[in-house]
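Close look at the chain arrangement
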Amino acid sequence: MNENVREDELHAYVDGALDEARRLEVEAWLAAHPADAARVAAWTAQSRMMHDAFDSVLNEPLPLNLVRATRRPAFAAPARAVAASLALLAAGLVGYAFGVAGQGQPTRAPAYLARDAAIAHAVFSPETRHPVEVDAAQGAHLVAWLSKRVGTPLQAPDFSAQGFSLLGGRLLSGDTGPVAQFMYEDGLGRRVTLYVRRAAADAPGPTAFRHAVEKGVDVFYWIDGEFGYALSGQIGRQTMQRLAVAAYGQLTP
């Protein structure tokens, strides 16, 4: 960050805590600084996930035995211990949110999406000479071409804040029609792929994140509208999760 927009102001922007004048200034800053915009999009996606996963729980009435317990003198725990417990809880919520939304059948993204994305990743990511059909130098053409073939406006998420740049993409075939695959690479040569296809006719409605491991490939996937999205890679679950959050924040309205 620099003197114009501080880190805490970006967080306040995500939380809706800025006054109108400063909010407009921050939005102008984000329009000119894509790396910060990507971070804010990721934070916004995390916030949305947390609300989707836990708002219903937070709005439930407190159990009667807990209410009674708070009235007992012995319940007066040191504030520091309480704060530590809350911090540990908060640290685990983001990871837990990836799984909690999928525990009921109505919100479960179909397994075929993760499986097919992982297969496509395993086939093309090791390629050295022809990893993509259209490279990133023709990015505008790539996105327009894949959007037309897949049948929906697409975009290639910006992962520069996470250290990954777009290599390019290719058109694949799936049982629901054409499929788009975007490929990214970091400075260590590690690759991840984003797989976009039309969802099956019997697929559920919009879903939260799901995580799967298909033959050693981590896949984070979700459905938005009529299309399914899956990010695949073998770079560690935590790194993949950060990329998936960034992708979700940029691709989901």
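Residues numbered from 1 in each chain as written. Predicted model: local features only at pLDDT ≥ 70, side-chain atom pairs only at ≥ 80, totals over all residues. Heavy atoms only, no water.

Points about the sheet that holds strand E3 (residues 177–186)
- Pairing in this open sheet of seven strands is antiparallel, and the strands run E1-E2-E3-E4-E7-E6-E5 from one edge to the other. Taken across any chain shown, the strands that pair with only one partner, and hence form the sheet edges, are strand E1 (134–135) and strand E5 (210–214).
- In this structure, strand E4 (residues 191–198) lies alongside strand E7 (residues 227–233), joined through seven bridges in antiparallel fashion. When the bridges of E7 are listed, Arg 198 appears paired with Phe 227.
- Against the sheet, helix H6 (residues 111–124) makes contact with strand E2 (164–174), E3, E4, E5, strand E6 (217–224) and E7, and its axis sits at roughly 135 degrees relative to E4, the strand it touches most.
- The strands touched by helix H7 (residues 139–150) within the sheet are E1, E2, E3, E4 and E7, with E3 carrying the most contacts at an inclination of about 150 degrees. (Pairing = 2+ DSSP bridges. Helix = DSSP H or I, 4+ residues; strand = E, 2+ residues; numbered from the N terminus. Contact = heavy atoms within 4.5 Å. Axes fitted to C-alpha atoms, helices over the stretch in contact; angles between N-to-C directions.)

Quick word on helix H8 (residues 237–251)
- Relative to the 21 Å expected for 15 residues at 1.5 Å per residue, H8 spans 20 Å between its end C-alpha atoms, a close match to the ideal helical length.
- For H8, a buried count of twelve out of 15 residues is recorded, marking the element as mostly surrounded by other parts of the structure.
- Buried within H8 we find Thr 239, Met 240, Gln 241, Leu 243, Ala 244, Val 245, Ala 246, Ala 247, Tyr 248, Gly 249, Gln 250 and Leu 251. (Expected span 1.5 Å × (residues − 1). Buried < 20%, exposed > 50% of the residue type's maximum accessible area, 1.4 Å probe, protein only.)

Some words on the environment of Tyr 248
- Summarising the element assignment, Tyr 248 is placed in helix H8.
- Taking the relative accessible area as the measure of exposure, Tyr 248 reaches 8% and is therefore buried.
- For the pair Tyr 248 and Ala 45, spaced 203 residues apart in sequence, the C-alpha separation works out to 6.6 Å.

Side note on the nonpolar core
- Membership of the largest hydrophobic core comes to 32 residues, with the highest contact counts inside it found for Phe 159 and Phe 182.
- At the level of elements, helix H3 (34–58), H7, E2, E3, E4, E6, E7 and H8 are the ones that each hand at least two residues to this core.
- At eight residues, the largest contribution of residues to this core is made by H8.
- When near neighbours in sequence (up to four residues on either side) are disregarded, Phe 159 contacts Phe 164, Tyr 184, Leu 231, Leu 243, Ala 246 and Ala 247.
- Listed in part, the 19 residues of the second largest apolar core include Val 179, Val 217, Tyr 221 and Ala 230. (Core = buried A, V, L, I, M, F, W, Y, C linked by side-chain atoms within 4.5 Å.)

Considering the packing of aromatic side chains
- By the definition in use, this model includes three aromatic pairs.
- Look at Trp 222 and Tyr 229: their rings are 5.6 Å apart centre to centre, the planes differ by 15 degrees, and that puts the pair in the stacked class.
- Assessed through its relative accessible area of 1%, Trp 222 is described here as buried.
- Ring pairs connect the aromatic residues Trp 222, Tyr 229 and Tyr 248, which therefore count as one cluster. (Phe/Tyr/Trp six-rings, centres within 6.5 Å; stacked < 30°, edge-to-face > 60°.)

As for the side chain of Ser 125
- Mapped onto the secondary structure, Ser 125 falls in the loop between H6 and E1.
- Judged by its relative accessible area of 13%, Ser 125 is buried.
- In this structure the side chain of Ser 125 is engaged in a polar contact, spanning 2.6 Å, whose partner is the backbone oxygen of His 121.
- In contact with Ser 125, not counting residues within four places along its chain, are Met 183 and Arg 191. (Polar contact = N/O pair within 3.5 Å; in protein donor to acceptor, adjacent residues only side chain to side chain.)

So, the confidence of the model for the protein
- Residues of the protein with pLDDT of at least 70 account for 70%, and the chain-wide mean is 78.
- Note on residues 82–109: pLDDT is under 50 here. Beyond four places in sequence and across chains, it has 37 contacts. (pLDDT = per-residue confidence, 0-100.)

With respect to the side chain of Arg 170
- Inspection of the secondary structure puts Arg 170 in strand E2.
- Buried and unpaired, Arg 170 has Glu 133 as its nearest opposite-charge partner, separated by 4.5 Å.
- Side-chain polar atoms of Arg 170 contact the backbone oxygen of His 130, separated by 2.9 Å.
- Reaching out from Arg 170, the side chain makes a polar contact with the backbone oxygen of Pro 131 at a distance of 3.1 Å.
- If near-sequence neighbours (up to four positions away) are discounted, Arg 170 is found in contact with Phe 124, His 130, Pro 131, Val 132, Glu 133, Leu 146, Val 179, Ala 180 and Gln 181. (Lys, Arg positive; Asp, Glu negative; His and termini not counted. Salt bridge = Lys/Arg side-chain N within 4 Å of Asp/Glu carboxyl O.)

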